[in-house]
Amino acid sequence: MRGFGERNQLERSQAIRHRFLNAMVERSVTISVLMLHLVVFGLGAYLTYNEEITLGTFITFESVFWELSYNIGHVTQFIPVTITASGATRHINDIFEEPSRSQDSPDAPGVPRIQNAITFRNVQFSYGGDTRQIRNLNLTIPEGSRVAIVGPSGSGKSTVLSLLLRLYDPTGGTIRVDDTDIVQSRRDSLREQMAIVFQDNLLFDISIRENIRLGNPAASDEDVERAAKAAEIHRFIRSLPNGYDTVVGERGNMMSGGQRQRVAIARALVRDPAILLLDEATSALDHGTEQAINRTLMKVAAGRTMITVTHRLHSVTEMDKIFVLEKGRLIEEGTHAELLKRKGVYAALWKQAG
Ligand SMILES: Nc1ncnc2c1ncn2[C@@H]1O[C@H](COP(=O)(O)OP(=O)(O)OP(=O)(O)O)[C@@H](O)[C@H]1O
Ligand SMILES: [Mg+2]
(Lines give C-alpha, C1' and ligand atoms only; values in the text may rest on other atoms or scores of the structure.)
(Ligands and ions follow the chains in the order given, each with its own letter.)
Protein backbone atom coordinates (compact mmCIF):
# COMPACT_ATOMS: atom_id res chain seq x y z
CA MET A 1 0.00 0.00 0.00
CA ARG A 2 2.84 2.41 0.75
CA GLY A 3 4.32 1.83 -2.67
CA PHE A 4 0.98 2.70 -4.23
CA GLY A 5 0.68 5.89 -2.22
CA GLU A 6 4.19 7.00 -3.13
CA ARG A 7 3.67 6.35 -6.81
CA ASN A 8 0.40 8.21 -6.72
CA GLN A 9 2.08 11.16 -5.05
CA LEU A 10 4.81 11.15 -7.71
CA GLU A 11 2.22 10.96 -10.48
CA ARG A 12 0.34 13.84 -8.91
CA SER A 13 3.34 16.12 -8.56
CA GLN A 14 4.43 15.36 -12.12
CA ALA A 15 0.95 16.08 -13.42
CA ILE A 16 0.96 19.43 -11.63
CA ARG A 17 4.40 20.27 -13.06
CA HIS A 18 3.24 19.24 -16.51
CA ARG A 19 0.20 21.47 -16.31
CA PHE A 20 2.22 24.38 -14.97
CA LEU A 21 4.84 24.16 -17.74
CA ASN A 22 2.11 23.71 -20.30
CA ALA A 23 0.38 26.85 -19.14
CA MET A 24 3.70 28.69 -18.91
CA VAL A 25 4.59 27.98 -22.52
CA GLU A 26 1.23 29.17 -23.71
CA ARG A 27 0.86 32.15 -21.43
CA SER A 28 4.42 33.42 -21.68
CA VAL A 29 4.15 33.63 -25.44
CA THR A 30 0.81 35.40 -25.30
CA ILE A 31 1.98 37.82 -22.62
CA SER A 32 5.24 38.69 -24.34
CA VAL A 33 3.45 39.29 -27.62
CA LEU A 34 1.01 41.61 -25.88
CA MET A 35 3.85 43.46 -24.15
CA LEU A 36 5.74 43.82 -27.39
CA HIS A 37 2.59 45.05 -28.99
CA LEU A 38 2.22 47.77 -26.37
CA VAL A 39 5.78 48.92 -27.05
CA VAL A 40 5.25 48.93 -30.83
CA PHE A 41 2.02 50.79 -30.38
CA GLY A 42 3.57 53.41 -28.11
CA LEU A 43 6.61 53.88 -30.30
CA GLY A 44 4.47 54.03 -33.45
CA ALA A 45 2.18 56.63 -31.92
CA TYR A 46 5.17 58.69 -30.84
CA LEU A 47 6.78 58.55 -34.29
CA THR A 48 3.52 59.39 -36.03
CA TYR A 49 2.89 62.29 -33.68
CA ASN A 50 6.33 63.69 -34.51
CA GLU A 51 5.57 63.08 -38.17
CA GLU A 52 8.59 60.83 -38.67
CA ILE A 53 6.30 58.23 -40.26
CA THR A 54 2.85 58.62 -41.77
CA LEU A 55 -0.31 57.41 -40.11
CA GLY A 56 -0.75 54.95 -43.04
CA THR A 57 2.65 53.36 -42.40
CA PHE A 58 1.84 53.08 -38.74
CA ILE A 59 -1.53 51.40 -39.30
CA THR A 60 -0.14 49.07 -41.97
CA PHE A 61 2.78 48.06 -39.74
CA GLU A 62 0.40 47.64 -36.84
CA SER A 63 -1.84 45.22 -38.70
CA VAL A 64 1.04 43.22 -40.19
CA PHE A 65 2.66 43.00 -36.76
CA TRP A 66 -0.59 41.91 -35.17
CA GLU A 67 -1.22 39.23 -37.78
CA LEU A 68 2.32 37.90 -37.49
CA SER A 69 2.43 37.76 -33.72
CA TYR A 70 -0.99 36.17 -33.61
CA ASN A 71 0.18 33.36 -35.85
CA ILE A 72 3.42 32.83 -33.98
CA GLY A 73 1.43 32.66 -30.76
CA HIS A 74 -0.83 30.11 -32.38
CA VAL A 75 2.05 27.88 -33.44
CA THR A 76 3.62 27.86 -29.99
CA GLN A 77 0.39 26.47 -28.57
CA PHE A 78 1.25 23.26 -30.36
CA ILE A 79 4.62 22.86 -28.69
CA PRO A 80 3.25 21.09 -25.59
CA VAL A 81 1.06 18.85 -27.78
CA THR A 82 4.05 17.90 -29.90
CA ILE A 83 6.06 17.01 -26.82
CA THR A 84 3.24 14.84 -25.44
CA ALA A 85 2.81 13.14 -28.82
CA SER A 86 6.50 12.31 -29.13
CA GLY A 87 6.38 10.80 -25.64
CA ALA A 88 3.39 8.68 -26.65
CA THR A 89 5.15 7.53 -29.82
CA ARG A 90 8.10 6.43 -27.71
CA HIS A 91 5.76 4.34 -25.55
CA ILE A 92 4.20 2.71 -28.62
CA ASN A 93 7.67 1.85 -29.91
CA ASP A 94 8.57 0.31 -26.56
CA ILE A 95 5.55 -1.97 -26.85
CA PHE A 96 6.34 -2.95 -30.45
CA GLU A 97 9.89 -3.81 -29.49
CA GLU A 98 8.89 -5.99 -26.54
CA PRO A 99 9.92 -9.54 -27.49
CA SER A 100 7.10 -12.11 -27.40
CA ARG A 101 7.20 -14.44 -24.43
CA SER A 102 8.58 -17.45 -26.22
CA GLN A 103 8.86 -18.28 -29.88
CA ASP A 104 7.57 -21.49 -31.39
CA SER A 105 10.28 -23.35 -33.19
CA PRO A 106 9.53 -23.17 -36.91
CA ASP A 107 9.51 -26.94 -37.34
CA ALA A 108 7.11 -27.54 -34.42
CA PRO A 109 4.10 -29.60 -35.54
CA GLY A 110 0.62 -28.10 -35.85
CA VAL A 111 -2.29 -29.11 -33.61
CA PRO A 112 -4.80 -31.05 -35.74
CA ARG A 113 -8.46 -30.11 -35.34
CA ILE A 114 -9.76 -31.77 -32.19
CA GLN A 115 -11.38 -35.19 -32.60
CA ASN A 116 -11.31 -36.84 -29.17
CA ALA A 117 -10.64 -34.70 -26.15
CA ILE A 118 -8.74 -31.97 -24.38
CA THR A 119 -6.86 -33.36 -21.40
CA PHE A 120 -5.04 -31.64 -18.56
CA ARG A 121 -2.68 -34.04 -16.76
CA ASN A 122 -1.17 -32.98 -13.43
CA VAL A 123 -0.98 -29.41 -14.65
CA GLN A 124 0.85 -26.99 -12.39
CA PHE A 125 1.14 -23.31 -12.98
CA SER A 126 2.48 -20.24 -11.25
CA TYR A 127 2.49 -16.66 -12.52
CA GLY A 128 5.80 -16.34 -10.68
CA GLY A 129 6.47 -16.09 -6.97
CA ASP A 130 5.91 -18.84 -4.47
CA THR A 131 2.21 -19.56 -4.80
CA ARG A 132 0.91 -21.88 -7.48
CA GLN A 133 -2.28 -20.66 -9.14
CA ILE A 134 -3.01 -24.09 -10.62
CA ARG A 135 -2.25 -27.20 -8.60
CA ASN A 136 -2.16 -30.69 -9.93
CA LEU A 137 -5.08 -30.16 -12.25
CA ASN A 138 -6.61 -33.09 -14.12
CA LEU A 139 -9.44 -32.44 -16.57
CA THR A 140 -10.85 -34.39 -19.47
CA ILE A 141 -13.09 -32.51 -21.85
CA PRO A 142 -14.47 -34.76 -24.59
CA GLU A 143 -14.85 -33.33 -28.08
CA GLY A 144 -18.33 -31.95 -28.68
CA SER A 145 -19.17 -31.61 -25.00
CA ARG A 146 -20.24 -28.48 -23.18
CA VAL A 147 -18.47 -28.02 -19.89
CA ALA A 148 -18.31 -25.31 -17.25
CA ILE A 149 -15.57 -24.30 -14.89
CA VAL A 150 -16.94 -22.65 -11.77
CA GLY A 151 -15.54 -21.57 -8.43
CA PRO A 152 -14.93 -18.52 -6.30
CA SER A 153 -13.12 -15.44 -7.57
CA GLY A 154 -9.38 -16.08 -7.83
CA SER A 155 -9.75 -19.87 -7.95
CA GLY A 156 -7.95 -20.02 -11.30
CA LYS A 157 -10.82 -20.34 -13.79
CA SER A 158 -9.55 -17.76 -16.26
CA THR A 159 -6.03 -19.09 -15.82
CA VAL A 160 -7.18 -22.48 -17.15
CA LEU A 161 -8.34 -20.76 -20.35
CA SER A 162 -5.07 -18.80 -20.60
CA LEU A 163 -3.16 -22.06 -20.42
CA LEU A 164 -5.36 -23.64 -23.07
CA LEU A 165 -4.82 -20.65 -25.34
CA ARG A 166 -1.11 -20.79 -24.53
CA LEU A 167 -0.98 -17.25 -23.27
CA TYR A 168 1.12 -18.99 -20.62
CA ASP A 169 2.68 -22.42 -20.53
CA PRO A 170 2.25 -24.75 -17.53
CA THR A 171 5.18 -25.07 -15.16
CA GLY A 172 4.42 -28.78 -14.82
CA GLY A 173 2.24 -31.47 -16.35
CA THR A 174 0.83 -31.53 -19.87
CA ILE A 175 -2.15 -30.20 -21.79
CA ARG A 176 -3.13 -32.23 -24.83
CA VAL A 177 -5.55 -31.79 -27.68
CA ASP A 178 -6.08 -35.43 -28.67
CA ASP A 179 -2.53 -36.79 -28.59
CA THR A 180 -0.75 -33.53 -29.29
CA ASP A 181 1.01 -31.77 -26.42
CA ILE A 182 0.08 -28.14 -27.10
CA VAL A 183 3.31 -26.79 -25.62
CA GLN A 184 5.30 -28.72 -28.22
CA SER A 185 3.30 -27.40 -31.15
CA ARG A 186 2.66 -24.16 -32.98
CA ARG A 187 0.46 -21.59 -31.31
CA ASP A 188 -1.20 -20.42 -34.51
CA SER A 189 -2.47 -23.93 -35.31
CA LEU A 190 -3.85 -24.21 -31.78
CA ARG A 191 -5.58 -20.84 -31.78
CA GLU A 192 -6.93 -21.28 -35.29
CA GLN A 193 -9.46 -23.76 -33.96
CA MET A 194 -10.46 -21.64 -30.97
CA ALA A 195 -12.49 -18.51 -30.32
CA ILE A 196 -13.12 -16.72 -27.06
CA VAL A 197 -15.84 -14.39 -25.82
CA PHE A 198 -15.15 -12.30 -22.73
CA GLN A 199 -17.39 -10.40 -20.37
CA ASP A 200 -16.41 -7.12 -21.98
CA ASN A 201 -15.47 -7.34 -25.63
CA LEU A 202 -13.86 -4.56 -27.52
CA LEU A 203 -16.03 -3.23 -30.31
CA PHE A 204 -14.41 -0.66 -32.56
CA ASP A 205 -15.84 2.46 -34.09
CA ILE A 206 -16.24 0.78 -37.48
CA SER A 207 -19.19 -0.91 -39.18
CA ILE A 208 -20.85 -3.93 -37.57
CA ARG A 209 -19.77 -6.02 -40.55
CA GLU A 210 -16.11 -5.13 -39.99
CA ASN A 211 -16.45 -5.66 -36.25
CA ILE A 212 -17.64 -9.21 -36.86
CA ARG A 213 -15.06 -9.83 -39.59
CA LEU A 214 -12.28 -9.07 -37.08
CA GLY A 215 -12.74 -12.68 -35.96
CA ASN A 216 -11.70 -13.91 -39.40
CA PRO A 217 -10.38 -11.40 -41.94
CA ALA A 218 -10.94 -13.93 -44.74
CA ALA A 219 -14.69 -14.20 -44.08
CA SER A 220 -17.04 -13.24 -46.91
CA ASP A 221 -20.12 -11.07 -46.37
CA GLU A 222 -22.20 -14.27 -46.39
CA ASP A 223 -19.98 -15.79 -43.68
CA VAL A 224 -20.47 -12.66 -41.57
CA GLU A 225 -24.24 -12.83 -41.97
CA ARG A 226 -24.33 -16.55 -41.23
CA ALA A 227 -22.42 -15.92 -37.98
CA ALA A 228 -24.76 -13.06 -37.06
CA LYS A 229 -27.78 -15.29 -37.71
CA ALA A 230 -26.36 -18.00 -35.46
CA ALA A 231 -25.69 -15.39 -32.79
CA GLU A 232 -29.32 -14.26 -33.26
CA ILE A 233 -28.41 -10.65 -33.92
CA HIS A 234 -29.02 -10.66 -37.69
CA ARG A 235 -32.55 -9.28 -37.45
CA PHE A 236 -31.50 -6.48 -35.16
CA ILE A 237 -28.67 -5.53 -37.49
CA ARG A 238 -31.01 -5.58 -40.49
CA SER A 239 -33.41 -3.27 -38.64
CA LEU A 240 -30.75 -0.56 -38.34
CA PRO A 241 -30.95 2.20 -40.97
CA ASN A 242 -27.61 1.21 -42.49
CA GLY A 243 -27.82 -2.49 -41.69
CA TYR A 244 -24.45 -4.20 -41.55
CA ASP A 245 -22.74 -0.95 -42.53
CA THR A 246 -23.90 0.83 -39.38
CA VAL A 247 -20.95 2.25 -37.50
CA VAL A 248 -21.33 1.19 -33.90
CA GLY A 249 -19.83 4.19 -32.11
CA GLU A 250 -16.92 4.20 -29.77
CA ARG A 251 -16.80 0.89 -27.84
CA GLY A 252 -20.15 -0.01 -29.37
CA ASN A 253 -22.03 2.48 -27.21
CA MET A 254 -24.90 2.56 -29.70
CA MET A 255 -25.93 -0.92 -28.63
CA SER A 256 -27.20 -2.53 -25.46
CA GLY A 257 -24.96 -4.85 -23.45
CA GLY A 258 -26.79 -7.90 -24.76
CA GLN A 259 -26.54 -6.75 -28.38
CA ARG A 260 -22.83 -6.04 -28.00
CA GLN A 261 -22.38 -9.51 -26.55
CA ARG A 262 -24.18 -11.07 -29.50
CA VAL A 263 -21.92 -9.19 -31.91
CA ALA A 264 -18.96 -10.59 -29.97
CA ILE A 265 -20.44 -14.08 -30.28
CA ALA A 266 -20.86 -13.58 -34.03
CA ARG A 267 -17.22 -12.47 -34.16
CA ALA A 268 -16.24 -15.72 -32.47
CA LEU A 269 -18.48 -17.86 -34.70
CA VAL A 270 -17.19 -16.38 -37.94
CA ARG A 271 -13.98 -18.28 -37.14
CA ASP A 272 -16.01 -21.50 -37.14
CA PRO A 273 -14.13 -22.61 -34.02
CA ALA A 274 -13.94 -26.25 -33.00
CA ILE A 275 -13.42 -25.06 -29.44
CA LEU A 276 -15.47 -22.16 -28.11
CA LEU A 277 -14.25 -20.53 -24.91
CA LEU A 278 -16.41 -18.22 -22.83
CA ASP A 279 -15.06 -16.25 -19.88
CA GLU A 280 -17.97 -14.78 -17.92
CA ALA A 281 -19.55 -14.03 -21.30
CA THR A 282 -23.00 -13.35 -19.86
CA SER A 283 -22.14 -12.39 -16.29
CA ALA A 284 -22.60 -8.65 -16.74
CA LEU A 285 -26.09 -8.91 -18.20
CA ASP A 286 -29.45 -8.78 -16.48
CA HIS A 287 -31.04 -12.13 -15.74
CA GLY A 288 -33.43 -12.20 -18.70
CA THR A 289 -30.79 -11.25 -21.27
CA GLU A 290 -28.36 -13.67 -19.69
CA GLN A 291 -30.81 -16.53 -20.10
CA ALA A 292 -31.65 -15.58 -23.69
CA ILE A 293 -27.98 -15.45 -24.67
CA ASN A 294 -27.23 -18.69 -22.86
CA ARG A 295 -29.95 -20.35 -24.95
CA THR A 296 -28.27 -19.02 -28.09
CA LEU A 297 -24.91 -20.26 -26.87
CA MET A 298 -26.26 -23.76 -26.24
CA LYS A 299 -27.50 -23.80 -29.85
CA VAL A 300 -24.24 -22.56 -31.40
CA ALA A 301 -22.31 -25.08 -29.31
CA ALA A 302 -23.73 -27.92 -31.41
CA GLY A 303 -20.85 -29.64 -33.16
CA ARG A 304 -18.28 -27.73 -31.11
CA THR A 305 -16.54 -28.16 -27.79
CA MET A 306 -17.61 -25.40 -25.46
CA ILE A 307 -15.83 -24.44 -22.26
CA THR A 308 -17.53 -21.78 -20.23
CA VAL A 309 -15.98 -20.13 -17.21
CA THR A 310 -18.35 -18.37 -14.87
CA HIS A 311 -19.27 -17.68 -11.29
CA ARG A 312 -22.98 -17.60 -12.23
CA LEU A 313 -24.23 -21.08 -11.45
CA HIS A 314 -27.63 -20.45 -13.03
CA SER A 315 -25.84 -20.38 -16.40
CA VAL A 316 -24.37 -23.86 -16.11
CA THR A 317 -27.17 -26.17 -14.98
CA GLU A 318 -27.53 -27.66 -18.48
CA MET A 319 -23.86 -28.42 -19.01
CA ASP A 320 -22.59 -31.92 -19.71
CA LYS A 321 -20.07 -31.50 -16.95
CA ILE A 322 -19.19 -28.94 -14.32
CA PHE A 323 -15.71 -28.64 -12.83
CA VAL A 324 -15.48 -26.89 -9.48
CA LEU A 325 -12.19 -25.16 -8.72
CA GLU A 326 -10.97 -23.85 -5.41
CA LYS A 327 -7.56 -22.25 -4.93
CA GLY A 328 -6.36 -23.76 -8.19
CA ARG A 329 -7.44 -27.30 -7.33
CA LEU A 330 -10.22 -29.34 -8.84
CA ILE A 331 -12.42 -30.23 -5.89
CA GLU A 332 -15.57 -31.61 -7.52
CA GLU A 333 -16.83 -32.59 -10.95
CA GLY A 334 -20.10 -33.86 -12.35
CA THR A 335 -23.39 -32.72 -13.79
CA HIS A 336 -25.54 -30.20 -11.94
CA ALA A 337 -27.78 -32.97 -10.56
CA GLU A 338 -24.82 -35.13 -9.50
CA LEU A 339 -23.12 -32.24 -7.76
CA LEU A 340 -26.28 -31.27 -5.89
CA LYS A 341 -26.65 -34.83 -4.68
CA ARG A 342 -23.10 -34.79 -3.38
CA LYS A 343 -23.99 -31.96 -1.00
CA GLY A 344 -20.45 -30.59 -1.29
CA VAL A 345 -19.02 -27.20 -2.19
CA TYR A 346 -21.10 -26.86 -5.36
CA ALA A 347 -24.33 -27.67 -3.55
CA ALA A 348 -23.46 -25.06 -0.93
CA LEU A 349 -22.67 -22.46 -3.59
CA TRP A 350 -25.93 -23.29 -5.35
CA LYS A 351 -27.86 -22.77 -2.15
CA GLN A 352 -26.18 -19.40 -1.64
CA ALA A 353 -26.93 -18.35 -5.21
CA GLY A 354 -30.58 -19.00 -4.40
N1 LIG B 1 -1.39 -12.00 -14.82
C2 LIG B 1 -1.34 -12.41 -13.56
N3 LIG B 1 -0.20 -12.27 -12.84
C4 LIG B 1 -0.13 -12.70 -11.57
N5 LIG B 1 -1.13 -13.30 -10.91
C6 LIG B 1 -2.29 -13.47 -11.57
C7 LIG B 1 -2.45 -13.03 -12.93
N8 LIG B 1 -3.70 -13.34 -13.32
C9 LIG B 1 -4.30 -13.92 -12.27
N10 LIG B 1 -3.46 -14.01 -11.22
C11 LIG B 1 -3.74 -14.66 -9.93
O12 LIG B 1 -4.04 -16.01 -10.18
C13 LIG B 1 -5.12 -16.45 -9.39
C14 LIG B 1 -6.22 -17.00 -10.26
O15 LIG B 1 -6.72 -15.97 -11.08
P16 LIG B 1 -7.85 -16.17 -12.16
O17 LIG B 1 -7.99 -14.90 -12.91
O18 LIG B 1 -7.57 -17.39 -12.94
O19 LIG B 1 -9.12 -16.40 -11.24
P20 LIG B 1 -10.65 -16.55 -11.63
O21 LIG B 1 -11.11 -17.81 -11.02
O22 LIG B 1 -10.82 -16.37 -13.09
O23 LIG B 1 -11.31 -15.34 -10.83
P24 LIG B 1 -12.54 -14.38 -11.24
O25 LIG B 1 -13.80 -15.15 -10.96
O26 LIG B 1 -12.39 -13.23 -10.30
O27 LIG B 1 -12.37 -14.02 -12.67
C28 LIG B 1 -5.56 -15.25 -8.55
O29 LIG B 1 -4.98 -15.41 -7.28
C30 LIG B 1 -4.96 -14.07 -9.27
O31 LIG B 1 -4.62 -13.07 -8.36
MG1 LIG C 1 -11.75 -14.91 -14.29
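Worth saying up front: this structure is predicted, and the values here are computed from it rather than measured.

About the criteria used
- Numbers given for residues are sequential positions, taken from 1 along each chain in its written order.
- Lettering for chains starts from A, numbering for ligands starts from 1, and both go in the order in which the items are written.
- Local features are withheld for residues below a pLDDT of 70 in this predicted model, meaning they are given only at 70 or higher, and side-chain atom pairs are given and counted only at 80 or more; totals for whole chains, interfaces and linings count all residues.
- Values reported for side chains reflect all heavy atoms of the structure, with hydrogen atoms and water molecules removed beforehand.
- Think of it this way: one heavy atom of a residue within 4 Å of a molecule or strand is enough to make that residue near it.
- Pairs of N or O atoms within 3.5 Å make up the polar contacts considered here, provided that, within protein, one atom can donate a hydrogen while the other can accept it, and that residues adjacent in sequence are counted only when both atoms are side-chain atoms.
- To be clear on the numbers: accessible area is Shrake-Rupley with a 1.4 Å probe, and residue cover counts the displayed protein chains and nothing else.
- Residues are sorted three ways: Asp, Glu, Lys and Arg are charged, Ala, Val, Leu, Ile, Met, Phe, Trp, Tyr, Cys and Pro are nonpolar, and all the rest, Gly among them, are polar.
- Here, a strand pair is defined by DSSP locating no fewer than two bridges between the strands.
- Counting from the N terminus, the helices are the DSSP runs of H or I reaching at least four residues and the strands are the DSSP runs of E reaching at least two.
- Here an angle of 0 to 180 degrees is reported between the N-to-C directions of two axes, which are lines fitted to C-alpha atoms, with helices fitted over the stretch in contact.
- By the convention used here, residues are in contact when the closest approach between their heavy atoms is within 4.5 Å.
- Where each domain starts and ends follows an automatic or database-derived domain assignment.
- Think of a 1 Å grid over just the protein atoms. A cavity is a set of points where a 1.4 Å probe fits yet cannot get out, a pocket is an open set with protein on both sides within 12 Å along at least five of seven lines, and lining residues have an atom within 4 Å of a point.
- Grid points are joined across faces, edges and corners, and a volume is the space filled by probe spheres set on the points.

The next subject is the site of ligand 1. In the neighbourhood of ligand 1, the contacting residues comprise Tyr127, Gln133, Pro152, Ser153, Gly154, Ser155, Gly156, Lys157, Ser158, Thr159, Tyr168 and Glu280. A distance of 2.5 Å is found between an oxygen atom of ligand 1 and a side-chain nitrogen or oxygen belonging to serine 153. Contact between ligand 1 and glycine 154: an oxygen atom at 2.8 Å from a main-chain N or O atom of the residue. Compared with its free state, where it exposes 640 Å², ligand 1 has 57% of that area covered by protein. Looking at the shell around ligand 1, its residues break down into three nonpolar, seven polar and two charged.

Attention now moves to the sheet that holds strand 10 (residues 329-334). Within the open sheet, the six strands sit side by side as 6-7-8-3-9-10. Their pairing is mixed. Each end of this open sheet is capped by a strand with a single partner; those strands are strand 6 (194-197) and strand 10. Direction aside, neighbouring strands of the sheet carry axes that sit 20° apart on average. In this sheet, strand 8 (residues 305-309) lies alongside strand 3 (residues 146-150) in parallel orientation, the contact comprising four bridges. Considered in strand 8, the bridge of alanine 148 is made with threonine 308. Sitting on the sheet, helix 9 (residues 257-269) is in contact with strand 6 and strand 7 (275-279), with an inclination near 170° to strand 6.

On to the domain arrangement of the protein chain, then. Splitting the protein chain by domain gives domain 1 (2-97) and domain 2 (117-353). Spacing between the C-alpha centres of domain 1 and domain 2 amounts to 53 Å.

Taken as a whole, the largest pocket holds about 300 Å³ of empty space. Forming the boundary of the largest pocket are 15 residues, of which Met194, Ala195, Ile196, Phe198 and Arg271 lie nearest the centre. Those elements that provide at least two residues to the lining of the largest pocket are strand 6 and helix 9. Across the lining of the largest pocket, the residue classes tally to 10 nonpolar, two polar and three charged.

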